[in-house]
Amino acid sequence: MSGTGGHDHSGGATVKERADLALNNDFLRKAVKFTTERLKNGKLKAMEEHGNWEEWRERGKQIRLHTIAHLDYYLNQFTENARANGVHVHFADTAEEAVHISLSIAERKQAKSVVKSKSMVTEELHLNHALESIDVEAVETDLGEYIIQLAGETPSHIIIPAIHKNRYQIADLLSEDAGEKLEPDTSILAGYVRRKLRQKFLEADIGMTGCNFAIAETGSMVLFENEGNARMVTTVPRTQITLMGMERIIPSWSDLEVMATLLPRSATGQKLTVYMSGITGPRRSEDADGPDEMHIIIVDNGRSLQLGDPEFQELLNCIRCGACLNACPVYRHIGGHAYGGTYSGPIGAVLTPSLQKNVAEWDDIANASSLCGACYEACPVKIPLHEMLIYLRRRKIEAGHGDKIEAAGMKGFATVMSKSGRFNAVLKLGKFGQKLVARRGEIRIKVGPLKGWNSYRVTPSLPKKSFRDQWGTLEAEIRGGLQEMAPDVKSRMERIVKERANGAGGHGHGH
């Protein structure tokens, strides 16, 4: 089962070219840094208040590992229970199949409008464009998603889609939409969107959602949100379509308790999202509201490619909290659009090429990482993304898509480092050669491999005497110092032991 969703939005540009644009956008850098710092600090505070965060983190990891290892069983259980609840369950191997099923439902219902709650899967499938192609209006009802829909952009963050915009830019977008000047006041702007969307909710033929978690034991799906729009999407329109990645399953409601603890704290630092909705089938006769017809489309689109792969199966453990983005020093500098796909940050750098199984096309985003491991430390279910980035880089080389200059450089490095004599000779040559470019202990020239580094940092020049040169003298000094110190250290330790022994039965000093 191969995937074709999540195509490159970058027009063929490389991640370096997109990153250069971002790095030269001072506003974007400040906006992304400010918000990610706030989210990261909120998570740290929530972890501290929780008390035993690491134990819950390990529990979350074990739940996800178990579920993915038995994914076929839990998908079957979920499907049987959901269908027993009156839900129409569909399976889509590819993005095209998922889109086709969605459009078929819309055409059968003769739908004119669809209201959507936030869903990364529908972004992955580019479903809004597909709906527009059959003259169905698709309206995002999450405030951040609505803003970027007006801007004609894609989300730059999994949790906060419009992280790269401020209230003045948002006011301009909403003023154009309203046909009147709206002041850049958050209450005024939110008030306008609320009034506009209220009418859209009442008019919509179909409500469309994503899925945070699907509960296998009851065939229920669960949504986490803070604005209440998903509740409107799932209760007002007569037909509901939920698109869920096939890995969104968890076995039971008791497992949801763990996820409901980990996800909000990791995403925004909240103890719990404002709204957590559990939906078990369409409206029953005794219900006051809800859809008459409910569809769940379970999407593969490349996810099954990770099953059985010891290096990448844990990728399916992701609960889409966005914590790795907030912790990543690369994401905080370049934002989400520089990654070029639907998913950004460390998770996007691994997920996009993994779902596509197209390392040749997406190899450059695997290099958009310092491999510092901050993503792993932040991940509430302990996905080793930093290791997966290394695996991707290795697979790129093994598949023959490596850079020839880089390959030659690594061969040269191996040749030099394999013999101490060669290493010393190159070191001496480097000391001599740097006289042409080093000034006051710094090399600032932007040529060859130094160009990227020296564009933002400074390379220190080689010292006159290396550590290896100094080691003989240092070792003698250290040994001599220890010998001189030894008698004094021994007598001092004996004195301390004697004092403690005397103090054990009487008046010892508590130092």
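On a predicted model such as this, the values are computed, not experimentally measured, just so you know.

Novice: Please explain the overall build of the chain as it appears in this structure.
Specialist: Summing up its helical and strand segments, the chain has 22 helices and 13 strands in all. Expressed along its principal axes, the backbone C-alpha trace of the chain runs to roughly 90 × 70 × 50 Å. Per-residue burial for the chain yields a buried fraction of 47% across its 511 residues. A sequence separation of at least 24 residues applies to 74% of the contacts in the chain between residues at least 6 apart. For the chain, the exposed area adds up to about 26,300 Å²; of that, 54% sits on carbon and sulfur atoms. Here the chain holds 65 positive side-chain charges and 64 negative ones, and the gap between their average locations is 10 Å.

Novice: How do you make sense of the domain arrangement of the chain when you look at a structure like this?
Specialist: By a widespread convention, an interface's size corresponds to the accessible area lost as its parts come together. Its domain assignment divides the chain into domain 1 (15–305) and domain 2 (404–501). Computed from C-alpha atoms alone, the centre-to-centre distance between domain 1 and domain 2 is 51 Å.

Novice: Is there a simple way to explain a nonpolar patch on the surface in this structure?
Specialist: Taken together, Leu436, Val437, Ile445 and Val447 make up a surface patch of nonpolar side chains, about 350 Å² in accessible area. Secondary-structure assignment places Leu436 in the loop between helix H20 (420–433) and strand S11 (438–439).

Novice: It is not clear to me how the pattern of salt bridges should be interpreted in this structure. Could you clarify?
Specialist: Applying the stated criterion across every chain, the model contains 23 salt bridges. Glu137 is paired through a salt bridge with Lys200; the nearest N and O atoms lie 3.0 Å apart. Here Lys200 lies in helix H10 (residues 186–203) and Glu137 lies in strand S3 (residues 137–140), a separation of 63 residues in the sequence. Judged by its relative accessible area of 36%, Glu137 falls in the partly exposed class.

Novice: I would appreciate a short explanation of the sheet that holds strand S4 (residues 206–209) in the present structure.
Specialist: Hydrogen bonding along the main chain pairs the strands of a sheet, whether they run parallel or antiparallel. Taken together, six strands build an open sheet; the order of strands is S1-S10-S7-S4-S2-S3 and the sheet is parallel. Whereas interior strands pair on both sides, the edge strands pair on one side only; in this sheet they are strand S1 (88–92) and S3. The mean inter-strand angle of the sheet, taken between neighbouring strand axes irrespective of direction, is 20 degrees. As paired elements, strand S2 (residues 113–116) and S4 share three bridges and run parallel to each other. Looking at S4, one finds that Val115 is bridged to Gly207. Docked against the sheet, H10 engages S2 and S3, running at close to 135 degrees with respect to S3.

Novice: What is the right way to look at the nonpolar core in this model?
Specialist: The nonpolar side chains of a soluble globular protein tend to be buried, and buried together. Phe213, Ile334, Tyr339, Ile347, Val350 and Leu385 are the most contacted members of the largest nonpolar core, which has 57 residues in total. When residues in this core are grouped by element, the largest group, seven residues, is from helix H12 (residues 253–267). Ignoring sequence-local partners within four residues, the contact set of Ile347 consists of Ile158, Leu315, Cys318, Cys324, Leu325 and Leu385. In terms of nonpolar packing, the next biggest core, distinct from the first, is built from 23 residues, Ala92, Leu103, Ile105 and Ile241 among them.

Novice: Can you walk me through helix H15 (residues 345–356) in this structure?
Specialist: In an α-helix, one full turn covers 3.6 residues, which means residues spaced three or four apart are oriented alike. In this model, H15 (12 residues) spans 17 Å end to end at C-alpha, consistent with the 16 Å of a helix rising 1.5 Å per residue. A large share of H15 lies buried, amounting to 12 of its 12 residues. Buried within H15 are the following residues: Gly345, Pro346, Ile347, Gly348, Ala349, Val350, Leu351, Thr352, Pro353, Ser354, Leu355 and Gln356. Of the residues flanking the end of H15, it is Lys357, one or two places downstream, whose phi is positive at about 50 degrees.

Novice: I would appreciate a short explanation of H12 in the present structure.
Specialist: If you check H12, its first and last C-alpha atoms are 21 Å apart, about what 15 residues at 1.5 Å a residue would give, namely 21 Å. Most of H12 sits out of view: 12 of its 15 residues are buried. Burial in H12 covers these residues: Asp255, Leu256, Val258, Met259, Ala260, Thr261, Leu262, Leu263, Pro264, Arg265, Ser266 and Ala267. A positive backbone phi angle near 85 degrees is found at Gly269, which sits one or two residues after H12.

Novice: How should the sheet that holds strand S9 (residues 275–279) be read in this particular structure?
Specialist: Judged by pairing direction, the sheet is mixed, and its four strands sit side by side in the order S8-S5-S6-S9 without closing on themselves. The strands lining the two open edges of the sheet, one partner per strand, are strand S8 (249–250) and S9. Direction of pairing for strand S5 (residues 213–215) relative to strand S6 (residues 220–225): antiparallel, over a ladder of three bridges. When the sheet's bridge partners are listed, Ile215 is paired in S6 with Ser220.

Scoring rules and cut-offs
- Residues numbered from 1 in each chain as written.
- Predicted model: local features only at pLDDT ≥ 70, side-chain atom pairs only at ≥ 80, totals over all residues.
- Heavy atoms only, no water.
- Helix = DSSP H or I, 4+ residues; strand = E, 2+ residues; numbered from the N terminus.
- Buried < 20%, exposed > 50% of the residue type's maximum accessible area, 1.4 Å probe, protein only.
- Contact = heavy atoms within 4.5 Å.
- Areas by Shrake-Rupley, 256 points an atom, 1.4 Å probe, with all protein chains shown as cover.
- Lys, Arg positive; Asp, Glu negative; His and termini not counted.
- Charge placed at Lys NZ, Arg CZ, Asp CG, Glu CD.
- Domains from an automatic or database assignment.
- Patch = residues over 30% accessible without salt bridge, like charges linked within 9 Å, V, L, I, M, F, W, Y side chains within 5 Å.
- Salt bridge = Lys/Arg side-chain N within 4 Å of Asp/Glu carboxyl O.
- Pairing = 2+ DSSP bridges.
- Axes fitted to C-alpha atoms, helices over the stretch in contact; angles between N-to-C directions.
- Core = buried A, V, L, I, M, F, W, Y, C linked by side-chain atoms within 4.5 Å.
- Expected span 1.5 Å × (residues − 1).

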